[in-house]
Amino acid sequence: MLVKISPSRIEGTIEVPPSKSYAHRLLIAAYLSGERVSVLCKDPSEDVLATAGALRSMGAEVSFSDNTITLKRCALPAGRISVDCGESGSTLRFLLPVACALGIKADFTGRGRLLSRPVDALTEVLNAHGGKVCGLSVSGKLTPGVYEIDASLSSQYVSGLLFALCMLDGESEIAIKGERVSAPYIDMTVEVLKRFGASVAVTANGFKVRPGLCCKEEFFIPEGDWSNAAFALTAGALCGNVTVTGLSSASCQGDRRILEVLEMLGAKVTADKNGVNVQRGELRPVSADITDIPDLAQIIAVAAAFAPGTSVIKNAARLKIKESDRISAVISTLGAAGISAQYSGSDIIIHGGAPHGGEFSGGKDHRTVMSAAVLAAAARGDSVISGAEAVNKSYPAFFKDLVKLGGKADVRI
């Protein structure tokens with residue numbers, strides 16, 4: 001899909017879609033509880049649908065109605081099954097340990113770069129505790145114990161273990177080795193599990209988990225998605241005045257730090273009960289550490305491209321193992337707009353200025369497409385983005401919302 005975007009003033013109000021990170025976790029916790037639970041999923045993304053479909057493969061009854069996904073775990077599959085995770089890293093890394101905890105024999109599959117993204121640290125710890133994982137084929141059954149895991153590549157390893165250990169026959173412990181990256185996502189998992197009655201206690205280097213989940217609610221509404229809101233808010237900072245509703249200022253989502261970054265860049269940021277508002281200000285270069293907020297890297301890079309001077313995105317190495325090599329994506333996207341950027345050590349260095357329109361490749365990565373669209377709306381001259389269908393992975397209504405805010409986006413199949 002091609003999208004032509006012309007420069008435009010971005011102004012108005014939109015309601016952000018529900019957080020896909022919360023939706024993943026709510027659906028999995030609901031499955032583990034064994035109760036019938038509904039989760040509001042307005043305009044569900046491909047990733048959330050992948051989790052729902054995977055849970056159906058693992059023995060859940062799943063139905064869709066009125067932007068709501070309802071599920072209940074029934075009998076576990078007796079034979080070996082195939083679990084399609086689409087392109088969702090969360091689906092794979094959460095459900096692989098869950099399958100081992102429940103004794104489900106499964107072959108996990110997926111598309112795109114998913115099957116080449118690292119899971120070795122996770123499979124090693126599963127194999128050390130009764131799981132039998134070869135590649136992405138699992139059997140065996142986990143036993144209680146102390147699960148030592150290196151979380152320096154992905155917080156999803158810890159989240160997957162937290163889900164799994166709730167289903168074992170005794171108390172277990174997670175001992176985290178190495179630097180803990182994207183820690184807010186682990187906090188989100190703990191928050192969701194506690195809503196389902198889980199006993200999860202924080203220790204000096206991890207968590208203690210007692211088995212058991214119960215569900216006291218029948219209907220869950222995920223809070224608004226700060227990761228997706230970041231694109232509209234940044235558009236307001238670059239070329240307008242945008243208000244986003246449906247966001248929680250008390251959220252565990254690390255990506256709410258987009259407000260902090262935009263303020264450092266010089267944007268005018270206000271928040272009240274009616275929503276979060278961002279307006280253009282006099283932009284200046286910024287230094288931003290993305291250890292806990294890797295999904296903001298590309299949109300921060302776009303904002304920095306318009307700030308005269310040199311900006312630095314620090315601790316960016318993990319961007320190489322996302323849906324695409326996002327370090328290369330940042331450099332090529334900014335380069336197509338006439339902005340120089342380099343990767344040095346573990347940092348991306350951006351020499352901001354006056355970006356022009358260009359031809360941008362989506363690179364089969366939803367965040368590349370959305371960040372390029374924001375760049376194009378604020379740049380001089382028209383732009384074309386190829387592979388724009390990638391937005392369906394996380395934000396199917398992205399271009400609809402961009403047009404609602406005054407963006408000039410001509411979507412061409």
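The preceding data block contains the structure.
Every chain is numbered independently, its residues counted from 1 as its sequence is written. Given that this is a predicted model, residues contribute local features only at a pLDDT of at least 70 and side-chain atom pairs are listed and counted only at 80 or more, while totals for whole chains, interfaces and linings are drawn from all residues. The basis for the side-chain values is all heavy atoms of the structure; hydrogens and waters are excluded.

A. Spotlight on the environment of L96. Each helix is a run of DSSP H or I of at least 4 residues and each strand a run of E of at least 2, with the numbering of both proceeding from the N terminus. Its location among the elements puts L96 in helix α3 (residues 89-102). Sequence spacing of L96 and V119 is 23 residues, and the spatial spacing of their C-alpha atoms is 9.7 Å. When near neighbours in sequence (up to four residues on either side) are disregarded, L96 contacts F108, T123, L126, V133, L136 and V138. Should any heavy atoms of two residues lie within 4.5 Å, those residues are considered in contact.

B. Spatial organisation of the pattern of salt bridges. The term salt bridge refers to a pairing of a side-chain nitrogen on Lys or Arg with a carboxyl oxygen on Asp or Glu at a separation within 4 Å. Across all of its chains, the model carries 16 salt bridges by this definition. In this structure, R195 engages E217 in a salt bridge whose closest nitrogen and oxygen atoms are separated by 3.4 Å. A residue pair is termed long-range when its members are at least 10 positions apart, and R195 in helix α6 (residues 183-195) and E217 in the loop between β13 (206-210) and β14 (219-220) qualify at 22 residues. Summary of the burial criterion: residues with accessible area below 20% of their type's maximum are buried, those above 50% are exposed, and those between are partly exposed, where the area comes from a 1.4 Å probe applied to protein chains only. A residue is classified by how much of its surface remains accessible, and R195, at 32% relative accessible area, is partly exposed. Residue R367 pairs with D295 through a salt bridge whose shortest N-O separation is 3.6 Å. Of this pair, R367 sits in helix α11 (residues 366-378) while D295 sits in the loop between β18 (287-289) and α9 (297-305), and the two are 72 residues apart along the sequence.

C. Quick peek at the packing of helix α1 (residues 20-33) against α3. Angles run from 0 to 180 degrees between N-to-C directions of axes, and those axes are lines fitted to C-alpha atoms, restricted for helices to the stretch in contact. Put simply, α1 and α3 touch, their axes get as near as 11 Å, and they point 15° apart. When the interaxial angle is binned, α1 and α3 end up roughly parallel. Remark: the crossing between α1 and α3 carries right-handed chirality. Each of H24, R25, I28, Y31 and L32 in α1 lies in contact with α3, whose residues at this interface are S90, T91, F94, L95, V98 and L102. An angle below 35 degrees is treated as roughly parallel, one above 145 as roughly antiparallel, one from 65 to 115 as roughly perpendicular, and anything else as oblique. Crossing handedness is defined as follows: a turn of the near helix away from the far one that is anticlockwise and smaller than a right angle gives a left-handed crossing, while the clockwise case is right-handed.

D. Seen up close, helix α5 (residues 156-165). With 10 of 10 residues buried, α5 is to be regarded as a mostly interior element. Restricting attention to buried positions, one finds in α5 the residues Q156, Y157, V158, S159, G160, L161, L162, F163, A164 and L165.

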